[in-house]
Structures are given as C-alpha cells and as structure tokens.
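Commentary on secondary and tertiary structure
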Amino acid sequence: MKKSFVKYFELICCLLCILFIILLPKETILGVKTGINLVLYSMIPSLLPFILIINILIKKNLCNIISKFFYPILKHIFKASQFSSFIIICGFLSGYPLGCKTIFEGLKNNLISENEAKKLLTFCNNPSISYVINYVSYLCLDSYFKNSIVIMFIFLPPIITGIINSHLFFSKQQVNICNTDNNSSISVLNNTVSSLIKIGMYIIIFTTINAWLSIFISNDNIPLNIITSFMEIISGSKYVSQLSLSTIHKLFTLCIFSITGGICIFIQSISFLPSKSYIKYYIIGKIESLLIFCILFYIYFNYKTIFNFIISLL
C-alpha cells in the first residue's frame, strides 16, 4: 500500500512538471537559467576546490595528519575519533553539503563506525564561514549586524547540539579507525565531478520549481514568499533581504535558512547518505539546532528584560 502510494505520488509530480513546462515555458527557461548561473558562478567556484581536496585527502590517507592537530581537543568536546575530527572541521568550514559527503566517504572507506556517522549527522553539515560573512552578513543584511553576531547565531547552535548529543545520546567513546586504501587519481576526479553534477542538478531543479511557484504568489504575501524562498536558500536569501521586513526579522529568517539549509540542500545532503535510516538523525539534529537558535536569539535581543527579571527575583 505504501509503495503504491509513493509510485502514484511520483507519477503525479512528474505529470505536473510536464504540465508546467508546457504551460509556463518562459518561467521554466528563467528558472533553468537562474540555476545554471548559480551552479557556474557560485556553486562550482566555492565547492569544487573543497570537494577535490577532501577526496584527495581521504583517498591518499592524508586527512589523519590534519586530524592530529584537532583530535586532542575535539575528542573531549565531541567524544570524536581521529577521522571524525577531520569531518567536524570540514562540516564547519567547507559548507553545504560537504559535511554529509565527508561522513559518507568516511563510512565508505571504513574510517568511522555507523554509530559515529549518526552522531556526526546531527551537527556536521553547515554553511561555510565565507558564505555567512560574505553573502548573509554583507550582501543580504548589508552589514547591519556585526559578523560575529551572525556567526554566533548560525554556528553556535550546531556546536551546542553536537556537545549535547555526544555526551548524552552517543556517549560511548568512538573507536579510532584510520585505515583506507589508496585509489587512483582518476577515481578522485570521477568522485569530484559526480558530486558536483549531483549538487548542480538539484540547484537547477529547485530554482525552476521556484520560478513556477512565483507565478501563483503575490509580492505582498510575505509568508508565502518566505516559504518559496526556503526551497533554494542562495537565491531565496537574497530575495528575503529585499522584502519589507525589519532587520531583526530578516536576520531571524536568514539564520533559519542558513542553519537548516533549505529544501534543496536537504535533498542534496541526504542524497550522499548510504541508506534512508540515517535521514532521521540529520533531521533531528537540525530541529535541535533550530530550538537552540530560537533560545539564543530570544535571550540576545531580550537580555535586558531577562536580567531585570532575575534581579527582581533576587
């Protein structure tokens, strides 16, 4: 029953896409062009170097050299093994969806256990710092808030999530597995190209869907505009920055976009996972990070009221 429902749902989605392509040719072309521009001028320049370098480091067993610098600290904070220390660094520096991809590569090469992969999925897939500073803070928020504030709101929640999950739900110390086979440089290049093609195709698909949905939504309907922008956060974040919202509301919305990654990045990220059983850990981690973010956001912008309330109790 469940399989037949999924098949009918997929069939309906395919028929709707064909219908939109026929009835909305202008919007279809615009969406595809927008996606291609994002892939060529944003995604490939930012992700290609990282994906290629990460693949080389893993295949040539060089990541352990980098891990040794961070492992003595991260093993206490996140109860991390040596290779998972490398994954944590990649997850916070490289940007979406390389956290999930690196976790998958670790699993595929027997560098981490399944239990540790589940733990890492809850907090190791995040936007890059350069994206947060240059795109979110500077381009979308026009440097209204300090970079340190934006970075704190986006990166502190997953860090806290990782600490909580490591010590409460995945408290068992991880085995330090660090063996891998050296494959040829051709496999490294193929892996890099296939990853870029997969990510690029998802971006084009979702920018096209966004173009279709924009036909049915009024510019005055801010909630629906935010929802559709959530489909693909690179173009969506820029669009949100142009809405008639207060700067605090823009900051709140853009931080949610960055922490979750939006629907397109969610699909990109889980496409690297070896089975559907891992998806729930990724979703749970994002929900935890969102809850922590909301608490931090409320405390930061209401700390005077909270402080005065505590003083009155004393």
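The structure this text deals with has already been given above.
The structure presented is a predicted model; accordingly, all values stated were derived computationally and were not measured.

What follows covers unusual backbone geometry. Residue Pro 97 is reached from Tyr 96 by a cis peptide bond, and omega for that bond is -15 degrees. By the element assignment, Pro 97 lies in the loop between α4 (82-93) and α5 (98-108). Even without being glycine, Lys 79 reaches a positive phi, approximately 50 degrees. Backbone geometry at Asp 142 places phi at a positive 55 degrees, although glycine is not the residue there.

Turning our attention to the environment of Val 132. With respect to the secondary-structure elements, Val 132 resides in helix α7 (residues 129-140). According to the relative accessible area criterion, Val 132 is buried, its value standing at 1%. For the pair Val 132 and Val 150, spaced 18 residues apart in sequence, the C-alpha separation works out to 7.4 Å. Discounting chain neighbours no more than four positions away, the residues touching Val 132 are Pro 127, Ser 137, Val 150, Ile 151, Ile 154 and Phe 155.

Here Tyr 300 shows up in helix α14 (residues 279-301). Spatially, the C-alpha atoms of Tyr 300 and Phe 153 are 9.7 Å apart, while their sequence positions differ by 147 residues. Look past the residues within four positions of Tyr 300 in its chain and what remains in contact with it is Ile 149, Met 152 and Phe 153.

Taking 1.5 Å of rise per residue, the 23 residues of α14 would be expected to cover 33 Å, and the 33 Å separating its terminal C-alpha atoms lies within 8% of that figure. Along α14, the positions that sit buried rather than exposed are Ile 279, Tyr 281, Tyr 282, Gly 285, Lys 286, Glu 288, Ser 289, Ile 292, Phe 293 and Phe 297. Taken together, the buried residues of α14 touch α5, α6 (114-121), α8 (147-169), α12 (247-260) and α13 (262-270).

Next up on the list: the packing of α5 against α6. Between α5 and α6, the least distance of the axes is 10 Å, while the angle of their chain directions is 175 degrees. With respect to each other, α5 and α6 are oriented roughly antiparallel. Across the interface between the two elements, Cys 100, Ile 103 and Leu 107 from α5 touch Glu 114, Ala 117, Leu 120 and Leu 121 from α6. Taken together, the residues of the contact of α5 with α6 sort by class into 6 nonpolar, no polar and 1 charged.

Time to look at the pattern of salt bridges. As a working rule, side chains carrying opposite charge can pair if their charged atoms are close by. Under the definition given, this model contains 2 salt bridges. Residue Lys 101 pairs with Glu 105 through a salt bridge whose shortest N-O separation is 3.0 Å. Taken together, the residues Lys 101 and Glu 105, both in helix α5 and 4 residues apart, mark about one turn of the helix. The same class applies to Lys 101 and to Glu 105, which are both buried. Note that Lys 108 is salt-bridged to Glu 105, the shortest N-O span being 3.5 Å. Placement of the pair is Lys 108 and Glu 105 together in helix α5, with a separation of 3 residues, close to one helical turn. Residues participating in the shared-partner salt-bridge network are Lys 101, Glu 105 and Lys 108.

As a further point, take the state of the cysteines. Taken as a whole, this structure holds 0 disulfides when the rule is applied. With no disulfide of its own, Cys 14 lies 6.5 Å from the sulfur of Cys 17, the closest cysteine sulfur. The thiol of Cys 100 is not disulfide-bonded; the next cysteine sulfur, from Cys 124, is found 9.2 Å away. The class of Cys 100 is buried, set by a relative accessible area of 0%.

To continue, consider the side chain of Glu 105. Glu 105 sits in the buried class, given a relative accessible area of 1%. Within the structure, Glu 105 has its side chain in polar contact with the side chain of Asn 191 (distance 2.9 Å). Filtering out sequence-adjacent residues up to four positions away, Glu 105 remains in contact with Asn 55, Ile 58, Lys 59 and Asn 191.

Rules used in this analysis
Residues numbered from 1 in each chain as written. Predicted model: local features only at pLDDT ≥ 70, side-chain atom pairs only at ≥ 80, totals over all residues. Heavy atoms only, no water. Helix = DSSP H or I, 4+ residues; strand = E, 2+ residues; numbered from the N terminus. Buried < 20%, exposed > 50% of the residue type's maximum accessible area, 1.4 Å probe, protein only. Contact = heavy atoms within 4.5 Å. Expected span 1.5 Å × (residues − 1). Axes fitted to C-alpha atoms, helices over the stretch in contact; angles between N-to-C directions. Parallel < 35°, antiparallel > 145°, perpendicular 65-115°, else oblique. Nonpolar A, V, L, I, M, F, W, Y, C, P; charged D, E, K, R; others polar. Salt bridge = Lys/Arg side-chain N within 4 Å of Asp/Glu carboxyl O. Disulfide = S-S within 2.5 Å. Polar contact = N/O pair within 3.5 Å; in protein donor to acceptor, adjacent residues only side chain to side chain.

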